[in-house]
Amino acid sequence: MENLGYAGGQVEPGEKGTQAADSRSVASPMNSSITLQTISDDTKTTTSTRDKWGRDIEFMLSCIAYSVGFGNIWKFPYTALKHGGGAFLLPYLIVLFIVGRPIYYLEMILGQFSSRGCVKLYDLAPAMRGIGVAQTIAMFVVMTYYAPVLAITFRYFVASFSSTLPWSECNPGWANCVNSSFVGRLEPTNGTAVGLQSSAELYFLKEVIHKAPSLEDGLGMPDWKLALCLLFAWIVVATILIRGAKSTGKASYFLAIFPYVIIIILLLQTLMLDGAMQGILYFITPQWDKLLSIEVWYEAVTQCFFSLSVCYGGIIAYSSFNNFSNNVHRDAVIISWLDTFTSIVAGCIVFGVIGNLAYVSGQPDIQKLARDGAGLTFMTYPDAIAKFQFLPQLFAALFFLMLFIVGVGSNLGVTTSIITAIRDQRPQLRHWQVVLGTVTVGYFFGLLYLTPGGFDFLDVIDYYGAKYVTLTFAVLELATVAWIYGVDRICRDIRFMLGIETSFYWRVCWGLIAPAATLLILIFSFADFELQKVPMGYNVLGLFIYAIAVLQLPGWYCYAVWRRRSKQTESLRKAAHNALKPMDIWGPESDTVRLQYQTEEEQYQNSQPLELSTVQRIKKRMFNMG
C-alpha cells in the first residue's frame, strides 16, 4: 500500500493562528517519514501514516458513491408512497436537516481530525471501544448480503442484451402465468384471472433465485450462474480497493458521476411514457392526514438514517483518509442534499414507470403494482420494461447498469470500513492481504444468500445483525461523542483543524436533537419488535449475532479498566472514570501537530474553573458557555 502523508505538516511549537493552520493543511501524495503511534490501550507501536486521497474532490465523490445506493433507488420511493406520498417528503426534509446532516458532518469531523477508523476512533474514550467493534460487526453483516444483490443485478444486466427480454414471456412450465409483454387489461373469465402472476415475477422467483416456499427445508444450494456473477462483483470491488484510497478515489469519478448520466436519461425517457405523469403525481401528492402519524416521522428518520449510511463506520473510514484541512462542512452539506435529490428523482423514475404499467394494464390502483425492496427492482420494474414498445432492452440495460454502479460504490464504503478497522488494529498486515482476505470471506458468506432460501435468510440477518445493531450503537455513539467526549471539545477540535467556529445549530443537533431522535427510533423499534416468521433456529442465530454485538460494550469497558488497573496506580473507581477520557495518543495523525494540539488543549483545561454546578457543566459542554 502506498502511504500518502504530510509533506508540509511540520509546525513549529511556537506557531499559532493562520500560519499553523496553513502548515498543518498541506498534504502530498508522497511517502512520509512522519509516524503515528497505534495502540491497544497502553502498548505503543509506530507505523507509517495512513493512505490519503489524491485530491479533496475524490473524498466527496467517494462519499456520494457510498451514500447513494439501493436505499435511494428502491427503499425511498416505496417508503414515501406507503407513508403519505408528498406528505412524507416534508418530515423527511426536516429530519435530514436536524438529524441526518448533523450526524454526517460529525462523523466526517471525527474521521478527518483523528485519521482513525471506527474502532481506533475510540481512543477518545477507550472504555467505549466496543461501539466501534459492534459497528464493524454490523458492517460485516451488510457486506455479506450487499454483494449478492449486486450479483443478481449484474445477471439482469447481462440478460438485458437478449433479443427478447427473458422475463417478458412465460415459460411453458409456469402455471397461472401472464406475459409481462402483454399490453392491455385481462378480463376475468370463470376465475381464470385469479392468482395470475406476471412472467417477470415468476422469472425472478423460479429462474433467478429459485426461491423455496420457506426455510423449513434449509437454505439449499446456491445457483451457479449467480455464484459466477457474485465472483465478478467481488473482483470489481477488489480491483478498485487493492491500492487503497488512491485507486478508490480515481474510481469515484466514474462511480459517482456516471450513474447521474443514466438517471437523467432514464428520467427523460420515463417522462415520455404514457401514464408516467399520473404515476409521478401519485408519488408526490401529499396525503396530509398521515402527516400527524408518529409512524411517518419514525419512517422518515429511519430512511434518512440508512440512506445516508451514518453510524455504520464508512463515513468515518473515508474521512480518515482526508487531508487535515479539507472542508468537510461543505462536503457534508452538498452530499446530504444530493442524496435527497437523488432519492426524489429515483422515485419519479420508478413511479413514472409504474404509472405507465398502470396505464397499459388498466389497473387504477398504482399502490397495488408497487412492491417493496427487491420486488420493486426485480419484479415490478422488469414487468413494466417488458411492455415498452421501443427498445426495452436499452431501457433495461441502462437501469440495471445504474443499479450495479451505485451498488458497487456503496459496497466499496462498506468494505473499506472493515478493512480500515482491521488495519488500524493490525498495521503490520499488508493492505492487499487484508483486501483479498476480506473479499474472499465476503464471497463465501455471500453464497448463502444465493440459495433458494437466501432471500428469507437475508431478511433475518439484516433484521437482527444490521438494523438493530446499527440503531443500538448509533445511540451509544452519539452519547459517547456528544456527552462523554463533549460537544464543546468537538467544537475546539474543529477550530483547531479548520479555523472556524461551530454554530449553535450544529451544537444543539449534536448534543440534543440527534441523540434524542435516534433513541426514540430505537425505543419505537423495540416496541414494534417481533420474531421473524421463519424456523426458530434462524431467529436464534439472529439474536445471537445481536447479543455478540451488544456484549462488545461491557467487554471492552472491562478490558480498558483492567488494563489501567494492571499498572497498580489507580483505584477501581478511578480507573473506570479515567477509561472514559482520551488516551495520550489521541489527536491528529502528525506527531508535531498532535503535540501542538495537546498543548493547547492542556492550556484550555487549566484555564477552566474547577468548581462548576451541574447547569454550568451542561451549558459549557453543550454550548461552550460559562
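Here the residue numbering is sequential within each chain, running from 1 through the sequence in written order. Since the coordinates come from a predicted model, pLDDT governs what is reported: local features require at least 70, and pairs of side-chain atoms require 80 or more to be given and counted, while whole-chain, interface and lining totals use all residues. To get the side-chain values, take all heavy atoms of the structure and skip hydrogens and water.

Identification of the protein as Transporter from Anopheles merus is taken from an unreviewed UniProt entry. Listed under Subcellular location (unreviewed entry) in UniProt, the entry text for the protein is "Membrane". UniProt positions are given in the numbering used here, feature names are shortened, and annotations may be inferred rather than shown by experiment. Under the UniProt heading Function (unreviewed entry), the note attached to the protein is "Unusual broad substrate spectrum amino acid:sodium cotransporter that promotes absorption of the D isomers of essential amino acids. Neutral amino acids are the preferred substrates, especially methionine and phenylalanine."

Enquirer: Can you lay out the packing of aromatic side chains for me, pointing to particular residues and giving the numbers?
Expert: Within 6.5 Å between ring centres, the rings of Phe, Tyr and Trp (the latter by its six-membered ring) count as paired, and their orientation is classed by plane angle as stacked under 30 degrees, edge-to-face over 60, tilted in between. The full count for this structure, using the stated rule, is 52 aromatic pairs. Taking 5.5 Å as the distance between ring centres and 35 degrees as the angle between the ring planes, the aromatic pair formed by Tyr449 and Phe457 counts as tilted. For the pair Tyr449 and Phe457, one class covers both residues: buried. Each residue in the set Tyr156, Trp167, Tyr203, Phe204, Phe378, Tyr381, Phe395, Phe399, Phe400 and Phe455 is aromatic and connected to the rest through ring pairs, giving one cluster. Whether a residue is buried, partly exposed or exposed follows from its accessible area with a 1.4 Å probe, protein chains only, as a fraction of its type maximum: under 20%, in between, or over 50%, in that order.

Enquirer: Before we move on, could you go through the UniProt feature "binding site: Na(+)" (unreviewed entry) in the protein and cite the residues and values that matter?
Expert: Feature annotation in UniProt assigns "binding site: Na(+)" (unreviewed entry) to the following positions: Val68, Asn72, Ser307 and Ser410. A compact arrangement is adopted by the annotated residues: their sequence extent is 343 residues, whereas the largest C-alpha distance between any two is 11.3 Å. Position of Ser307 relative to the elements: it lies in helix α10 (residues 294-307). Contacts were defined at the residue level, with two residues in contact if any of their heavy atoms lie within 4.5 Å. Dropping the residues within four chain positions of it, Ser307 is found in contact with Ser67, Asn72, Tyr92, Asp339 and Ser343. Under the DSSP-based scheme used, a helix requires at least four consecutive residues in state H or I and a strand at least two consecutive residues in state E, with every element numbered from the N terminus. With respect to the helices and strands, Ser410 occurs in helix α14 (residues 392-425). Those residues within four positions of Ser410 in sequence are excluded, and the remaining contacts are Ala65, Tyr66, Val68, Gly69 and Tyr146. Within polar-contact distance, the side chain of Ser410 engages the side chain of Tyr146 at 3.3 Å. Think of a polar contact as two N or O atoms within 3.5 Å of one another; within protein, one of them needs to be a possible hydrogen donor and the other a possible acceptor, and neighboring residues in sequence only count if both atoms come from side chains.

Enquirer: Mind laying out the packing of helix α16 (residues 454-498) against helix α18 (residues 536-565), listing which residues take part and the relevant values?
Expert: Axis geometry follows a simple rule: fit a line to the C-alpha atoms, using only the stretch in contact for helices, then measure angles between N-to-C directions, giving values from 0 to 180 degrees. For the pair α16 and α18, the least separation of the axes is 9 Å and the interaxial angle reads 20 degrees. One finds that α16 runs roughly parallel with respect to α18. Seen from above, α16 lies across α18 with right-handed handedness. Residues Phe457, Val460, Ile461, Tyr464, Gly465, Tyr468, Val469, Thr472, Phe473 and Leu476 of α16 touch α18, and the partners they reach there are Tyr538, Asn539, Leu541, Gly542, Leu543, Ile545, Tyr546, Ala549, Val550 and Leu553. Comment on the angle field: the value is read as roughly parallel under 35 degrees, roughly antiparallel over 145, roughly perpendicular from 65 to 115, and oblique elsewhere. Should the near helix be turned anticlockwise from the far one by less than a right angle, the crossing is left-handed, and should it be turned clockwise, the crossing is right-handed.

Enquirer: Describe in detail the pattern of salt bridges, supporting the description with residues and values.
Expert: When a carboxyl oxygen of Asp or Glu is within 4 Å of a side-chain nitrogen of Lys or Arg, the pair counts as a salt bridge. Taken as a whole, this structure holds 16 salt bridges when the rule is applied. With a shortest N-O distance of 3.1 Å, Arg330 and Asp331 are connected by a salt bridge. Residue classification places Arg330 among the partly exposed residues on the basis of a relative accessible area of 37%. Residue Arg495 is joined to Glu501 by a salt bridge in which the shortest nitrogen-to-oxygen separation is 3.2 Å. Taking relative accessible area as the criterion, Arg495 reaches 31% and is therefore assigned partly exposed. On the basis of relative accessibility, which here comes to 53%, the residue Glu501 falls in the exposed class. What you see here is one network of salt bridges that share partners, running through Arg116, Lys120, Asp123 and Arg129.

Enquirer: Can you break down a nonpolar patch on the surface residue by residue, with the values?
Expert: For patch building, the residue pool is restricted to those with more than 30% relative accessible area and no salt bridge; the joining distance is 9 Å between like charges and 5 Å between nonpolar side chains (Val, Leu, Ile, Met, Phe, Trp, Tyr). What sets the accessible areas is the Shrake-Rupley method with a 1.4 Å probe; for residues, cover comes only from the shown protein chains. Taken together, Ile264, Leu268, Leu271, Met277, Leu281 and Ile284 make up a surface patch of nonpolar side chains, about 540 Å² in accessible area. Going through the elements one at a time, α8 (245-271) and α9 (276-284) are the ones with two or more residues in the nonpolar patch. Considering the arrangement of structural elements, one finds Met277 in helix α9.

Enquirer: Outline the state of the cysteines, listing residues and values.
Expert: A pair of cysteine sulfur atoms is labelled a disulfide when the two atoms are within 2.5 Å. Evaluation of the coordinates by the stated rule reveals 1 disulfide. Across a sulfur-sulfur distance of 1.9 Å, Cys170 and Cys177 are joined as a disulfide pair. Given an S-S torsion of about -85 degrees, the disulfide between Cys170 and Cys177 has left-handed geometry. Accessibility expressed as a relative area gives 19% for Cys177, which makes it buried.

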